[in-house]
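# Architecture and fold: a report
Chain by chain, the residues:
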Amino acid sequence: VTAEKAGFDHFMLKEIFEQPKAYRDTMMGRVSEDGRSVQLKEIGMTLEQLKAIRNVHIVACGTAYHAGMIGKQVIESLARIPVETDVASEYRYRSPIITPETLVIVVSQSGETADTLAALREAKRCGARVLAITNVVGSSVSREADDVIITQAGPEIAVASTKAYTSQLIAFYLLGLYLAESLETRDSAFIAEVLEAMQQLPEQVERILSQSVVLKQVAESISKHSNLFFIGRGSDFAVAQEGSLKLKEISYIHSEAYAAGELKHGTLALIEEGIPVIALITQEDLYEKTLSNIKEVKARGAHVLGIVNGGSEEEVGKSVDELFAIPKTLPLLTPALSVVPLQLIAYYASLALGNDVDKPRNLAKSVTVE
Ligand code: AGP
């Protein structure tokens, strides 16, 4: 078993460290040689069919749903198509408006999640085209979807999903760029710039991983608390939700992820002396707003760890107790980096508490019941 873990103590840690490779493998063969254009040969839709898409529904569970929240922002901003993201166990029961002009994207690491599969079947019954983003070739979802993007994360064993999630983000970036190119919503210089920044991501993740000792210390102090908050705006809020889920599922510490601006509508009442708050503040255009939310929690005694995009350390540093800077990247791409410190915090908190990191209580890797 130790051999399978390649010297790591747990599959989860091994899989966190495999992310640079997972990013490279998921991009491989999908970017033109000159690095200026996306090639998704696995998508069988003609240009005419792509142009006919009126709306997109992204449907998934758990961590894959959190990837779908980023997917919504990516597709809307790059391709200007309206997107809704739904939890698969809710989707069918809200009688969603699905037409043949709807593209339904199901996201599933295993490709076997019962609710996601049921959503796929419902979408097909209504005449929609279904695109699956999955990590498992030959899985039920991959067999039943019209088009399939395989994330090349390699087998994921730990119940807590890490490299599958980040590979799903890479798949969404590629898909968003592919749609933008096909629908001509973005010019080729812009697309080349994003692709260039994406090529830097694996090495940037490596730089974050090399700082895991710092995050271990943060995690050890967090493990002494029974409650904490993650806050952020925009894509930071989506990443906050993923960070909170990761921490809950393996450390059993209660945490909530909140849209930073929503705190004062109720949740701020829970902030008390010493409570840890992890604030994601990577989006330049939202700095001022999130900073004022950080000040609100600090004034009530919270201990704030700020996760920032490189270059803004000085500006944000004055308002937080601790700071972790991810290497500088485009605002659109920050989720592929900012989630990594949160994965490591969850891992080391679980470890400090002596939990079974790879097999947390009450949970299964693949949820095949509805
Ligand atoms: C992730 O850490 C969870 N264990 C869980 O939320 C998971 O992402 C969810 O069950 C969906 O699984 P899937 O991607 O295989 O469909």
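The rules behind the values
Residues numbered from 1 in each chain as written. Predicted model: local features only at pLDDT ≥ 70, side-chain atom pairs only at ≥ 80, totals over all residues. Helix = DSSP H or I, 4+ residues; strand = E, 2+ residues; numbered from the N terminus. Rg over C-alpha atoms; globule rule 2.2 N^0.38 Å. Buried ≥ 20, exposed ≤ 12 C-beta atoms within 10 Å, placed from the backbone. Contact = placed C-beta atoms within 7 Å. Axes fitted to C-alpha atoms, helices over the stretch in contact; angles between N-to-C directions. Parallel < 35°, antiparallel > 145°, perpendicular 65-115°, else oblique. Left-handed = near helix turned anticlockwise from the far one by under 90°. Nonpolar A, V, L, I, M, F, W, Y, C, P; charged D, E, K, R; others polar. Pairing = 2+ DSSP bridges. Expected span 1.5 Å × (residues − 1). Arc of directions from axis to C-beta. pLDDT = per-residue confidence, 0-100. Near = placed C-beta within 6 Å. Right-handed = clockwise from strand over helix to strand, strands pointing away.

Broken down by element type, the chain carries 14 helices and 10 strands. In summary, the chain has a C-alpha radius of gyration of 20 Å against a globular reference of 21 Å for 370 residues, a match within 12%. Taking the principal axes of its C-alpha atoms as reference, the chain extends roughly 55 × 45 × 40 Å. When burial is assessed residue by residue, the chain has 51% of its 370 residues classed as buried. Put simply, of all contacts in the chain between residues at least 6 apart along the chain, 75% involve residues at least 24 apart.

Let's shift gears to the packing of helix 2 (residues 19–27) against helix 9 (residues 188–209). Two elements in contact, helix 2 and helix 9, have axes whose closest approach is 8 Å; the angle formed by their N-to-C orientations is 165°. One finds that helix 2 runs roughly antiparallel with respect to helix 9. Note on packing geometry: the crossing formed by helix 2 with helix 9 is left-handed. Contacts from Gln19, Pro20, Tyr23, Arg24 and Met27 of helix 2 reach helix 9 at Met198, Leu201, Pro202, Val205 and Glu206. Residue composition of the contact of helix 2 with helix 9, by class: seven nonpolar, one polar and two charged.

What follows covers the sheet that holds strand 2 (residues 83–87). Strand order in the open sheet formed by five strands is 2-1-3-4-5, with parallel pairing between adjacent strands. The open sheet is flanked by strand 2 and strand 5 (147–150), the only strands paired with a single partner. Within the sheet, the average angular offset between the axes of one strand and its neighbour, ignoring direction, is 20°. Against the sheet, helix 6 (residues 114–125) engages strand 1 (55–60), strand 3 (102–108) and strand 4 (129–134), with an angle of about 165° to strand 3.

Over its 21 residues, helix 8 (residues 163–183) runs 30 Å from end to end, which matches the ideal 30 Å to within 8%, given 1.5 Å per residue. In terms of burial, helix 8 is a largely internal element, 19 of the 21 residues being buried. Two residues or fewer after helix 8 comes Glu184, characterised by a positive phi angle close to 55°.

Take the sheet that holds strand 6 (residues 227–232) next. Ordered by their spatial adjacency, five strands build an open sheet running 7-6-8-9-10, and the pairing between neighbours is parallel. Two strands in the sheet have a free side with no partner beyond their single neighbour: strand 7 (254–259) and strand 10 (322–326). Put simply, the sheet's adjacent strands are angled 20° from each other on average, direction ignored. Sheet topology note: the strand 6/strand 8 (residues 276–281) ladder contains three bridges and is parallel. Residue pairing across strands places Phe230 opposite Ile278, the latter belonging to strand 8. Sheet strands touched by helix 14 (residues 335–352): strand 8, strand 9 (303–309) and strand 10. Its angle to strand 10, the strand with the most contacts, is close to 135°.

To continue, consider the environment of Asn55. Within the secondary structure, Asn55 sits in strand 1. A tally of 16 C-beta atoms within 10 Å means that Asn55 is categorised as partly exposed. Considered as a pair, Asn55 and Pro335 are 280 residues apart in the sequence and their alpha carbons are 24 Å apart.

Let us now look at helix 10 (residues 212–222). If you check which residues of helix 10 are buried, you get Leu215, Ala219 and Ile222. For helix 10, the angular spread of the buried residues around the axis is 55°, confining them to a single face. Exposed residues on helix 10 whose side chains face more than 90 degrees from its buried face are Val213 and Gln217. Of the surrounding elements, those touching the buried residues of helix 10 are strand 6, strand 8 and helix 14.

Looking at the chain as a whole, the pLDDT averages 96, with 99% of positions reaching at least 70. With a pTM of 0.97, the predicted complex shows an ipTM of 0.98.

Neighbouring residues of the ligand: 15 residues in total, closest Gly62, Thr63, Ser108, Ser110 and Thr113. Ranked by residue count, the leading element in the shell around the ligand is helix 4 (residues 62–79), at three residues. Within the shell around the ligand, the residues separate by chemical class into five nonpolar, nine polar and one charged.

The next point concerns the pairing of strand 7. Bridging between strand 6 and strand 7 involves six bridges; their strand directions are parallel. Note that in strand 7 the partner of Gly232 across the bridge is Ala259. At this point the chain moves from strand 6, through helix 11 (residues 235–251), to the parallel strand 7, and the crossover so formed is right-handed.

One non-glycine residue, Ser95, lies in the positive phi region at around 35°. With respect to the helices and strands, the residue Ser95 is situated in the loop between helix 5 (88–91) and strand 3. Using a count of 8 C-beta atoms within 10 Å as the deciding quantity, one classes Ser95 as exposed. A positive phi is found at Asn362, a non-glycine position, where the angle reads about 70°. Within the secondary structure, Asn362 sits in the segment after helix 14. For Asn362, a count of 6 C-beta atoms within 10 Å corresponds to the exposed category.

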